[in-house]
Amino acid sequence: MLGAIEAGGTKFVCAVSDDELNIIEKISIPTTEPEETFAQVFDFFDQFDLKAIGIGSFGPIDTNKESSTYGYITSTPKLKWQNTDFQGAFVRRYQVPVGWNTDVNAAALGEVSLGAARDKNSCVYITVGTGIGGGAFINGEPLTGISHPEMGHFYPPKHAEDTYEGCCDFHGSCLEGLASGPAIEGRFGIKAEELGEDHKAWEIEAHYLAHAAMAYTTILSPSCIIFGGGVMNQTHLIEKVRQKFDKLLNHYLQLPSLDEYIILPGLGNEAGIKGSLLLAKRALNA
Ligand code: ADP
Ligand code: ZN
């Protein structure tokens, strides 16, 4: 059996599957502090005979195999989780291969293997939720470098009518600071899910997400860009992003049609957990 954890800032989704990635059991555990949360994850996994585990984690995390802190969550704003040896804790307990990457790189792997990008060989996956994170699958691997992509933390040009200063603890007006769910709420004083489809908020949101798509397109040249996360439940938003992206790109590149290029996840909210199961499978075969 394969085990997987999609580790988020509010909850850990844990699942076990057969070799074909059919999920057999799945639970959700609140993210409190490492010892307490890990204890509950261990209680769940202890019931099964696992061959490998995959972890897609919130971050920043250390993905550099040469580093002495490989497998750690590092400089996260969640103080109790700073410098936590996450992957190592599971290696020690289960003595099996443990795949380790970011939640969004795992989701990109899930989408390119089984989801909306399954007929393609690369993709970018971006989640627009409590924060903004982006991962990529390029050249047969989830993309990592000295660290891993932090695609939510570049500075997009401000929308001409936007006076909101941004809410990222580290950067203020980076993409996450201007376009995450809390940023939408901070700008208008109303929860994003309560804003009507015609509200100005969505034109501003589409401006930022289109700049994000422009940056990822020009820098990474993915086969498609997948937008997931709670804010994308606004089903009209993806088309607004496509239209703004089209203007920004100004036909500079030959891309697939916009509704094939800027798309929603094929695995819905299972991209992260399925991708983490794939990380387990890859760790087993490494
Ligand atoms: P997380 O980022 O914690 O994993 P989500 O991806 O669900 O969780 O993102 C939560 C954010 O998404 C919140 O800021 C919330 O306001 C926003 N959100 C959730 N549902 C909707 C919706 N239908 N429309 C717009 N925003 C939404
Ligand atoms: Zn930031």
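Data block above holds the structure.
Thresholds, definitions, all that
Positions within a chain are numbered from 1, following the residues in the order the chain's sequence is written. For naming, the first written chain is A and the first written ligand is 1, with later ones following in the order written. This being a predicted model, a pLDDT of at least 70 is required before a residue's local features are given, and a value of 80 or more before pairs of side-chain atoms are given or counted; all residues contribute to the totals for chains, interfaces and linings. Only hydrogens and water are set aside when side-chain values are computed; all heavy atoms of the structure are taken into account. One requirement defines pairing of two strands: DSSP has to find at least two bridges between them. Each helix is a run of H or I in the DSSP string that is no shorter than four residues. Each strand is a run of E no shorter than two, and both are numbered from the N terminus. The angle between two axes is taken between their N-to-C directions and runs from 0 to 180 degrees, where each axis is a line fitted to C-alpha atoms and a helix contributes only its stretch in contact. To sort the angles, those under 35 degrees are grouped as roughly parallel, those over 145 as roughly antiparallel, those from 65 to 115 as roughly perpendicular, and the leftovers as oblique. Left-handed describes a crossing whose near helix is turned anticlockwise from the far helix by less than a right angle; the clockwise case is right-handed. The criterion used for residue contact is that any of the two residues' heavy atoms lie within 4.5 Å. Asp, Glu, Lys and Arg are counted as charged, while Ala, Val, Leu, Ile, Met, Phe, Trp, Tyr, Cys and Pro are counted as nonpolar; the rest, among them Gly, fall into the polar class. For this analysis, a nonpolar core means a set of buried residues of the types Ala, Val, Leu, Ile, Met, Phe, Trp, Tyr and Cys, connected via side-chain atoms within 4.5 Å. To sort residues, take the accessible area from a 1.4 Å probe on protein chains only and compare it with the maximum for the residue type: under 20% means buried, over 50% means exposed, and anything in between is partly exposed. We call a residue near a given molecule or strand whenever any one of its heavy atoms falls within 4 Å of it. N or O atoms within 3.5 Å of each other form a polar contact, as long as, within protein, one can give a hydrogen and the other can take it, and as long as residues adjacent in sequence are counted only when both atoms are side-chain atoms. All accessible-area figures derive from a Shrake-Rupley calculation using a 1.4 Å probe, and residue coverage is judged against the displayed protein chains alone.

Student: For the sheet that holds strand 12 (residues 262–263), give the residues involved together with the corresponding values.
Tutor: Strand pairing in a sheet relies on backbone hydrogen bonds, with the paired strands running either antiparallel or parallel. Strand order across the open sheet formed by 5 strands is 10-9-8-11-12, with mixed pairing between neighbours. The open sheet has two edge strands with one neighbour each: strand 10 (141–142) and strand 12. Here strand 8 (residues 123–128) pairs with strand 11 (residues 225–228) via 4 bridges, running parallel. Of the residues in strand 11, the one forming a bridge with Ile126 is Phe227.

Student: Lay out the packing of helix 6 (residues 200–220) against helix 7 (residues 237–249) in plain terms, naming residues and giving numbers.
Tutor: Here helix 6 crosses helix 7 at 55°, and the two axes come no closer than 8 Å. With respect to helix 7, the element helix 6 is oriented oblique. Relative to helix 7, the crossing made by helix 6 is right-handed. Where helix 6 approaches helix 7, its residues Trp202, Glu203, Glu205, Ala206, His207, Leu209, Ala210, His211, Ala213, Met214 and Thr217 are matched on the opposing element by Leu237, Lys240, Val241, Lys244, Phe245, Leu248 and Leu249. Taken together, the residues of the contact of helix 6 with helix 7 break down into 11 nonpolar, 3 polar and 4 charged.

Student: Can you lay out the nonpolar core for me, pointing to particular residues and giving the numbers?
Tutor: Ranked by internal contacts, the top residues of the largest apolar core, which has 38 residues, are Tyr216 and Phe227. Looking at this core, the elements that each hand over two or more residues are strand 8, strand 9 (132–138), helix 4 (175–179), helix 5 (181–188), helix 6, strand 11 and helix 7. No other element matches the 12 residues that helix 6 contributes to this core. Phe227 has contacts with Ile126, Val128, Leu209, Ala213, Met232, Ile238, Val241, Ile262, Ile263, Leu264 and Pro265, leaving out every residue within four places of it along the chain. Within the second largest apolar cluster, 27 residues are counted, among which are Ile29, Val41, Phe48 and Ile73.

Student: Quick one: what's the story with the site of ligand 1, residue by residue and with numbers?
Tutor: Surveying the vicinity of ligand 1 reveals the residues Thr10, Gly129, Thr130, Gly181, Pro182, Ala192, Glu193, Gly229, Gly230, Val231, Asn233 and Gln234. Between ligand 1 and the protein, one listed contact pairs an oxygen atom with a side-chain N or O atom of Thr130 at 2.8 Å. Here an oxygen atom of ligand 1 sits 2.8 Å away from a polar atom, N or O, in the main chain of Gly230. In isolation ligand 1 has 570 Å² of accessible area, and contact with the protein removes 67% of it.

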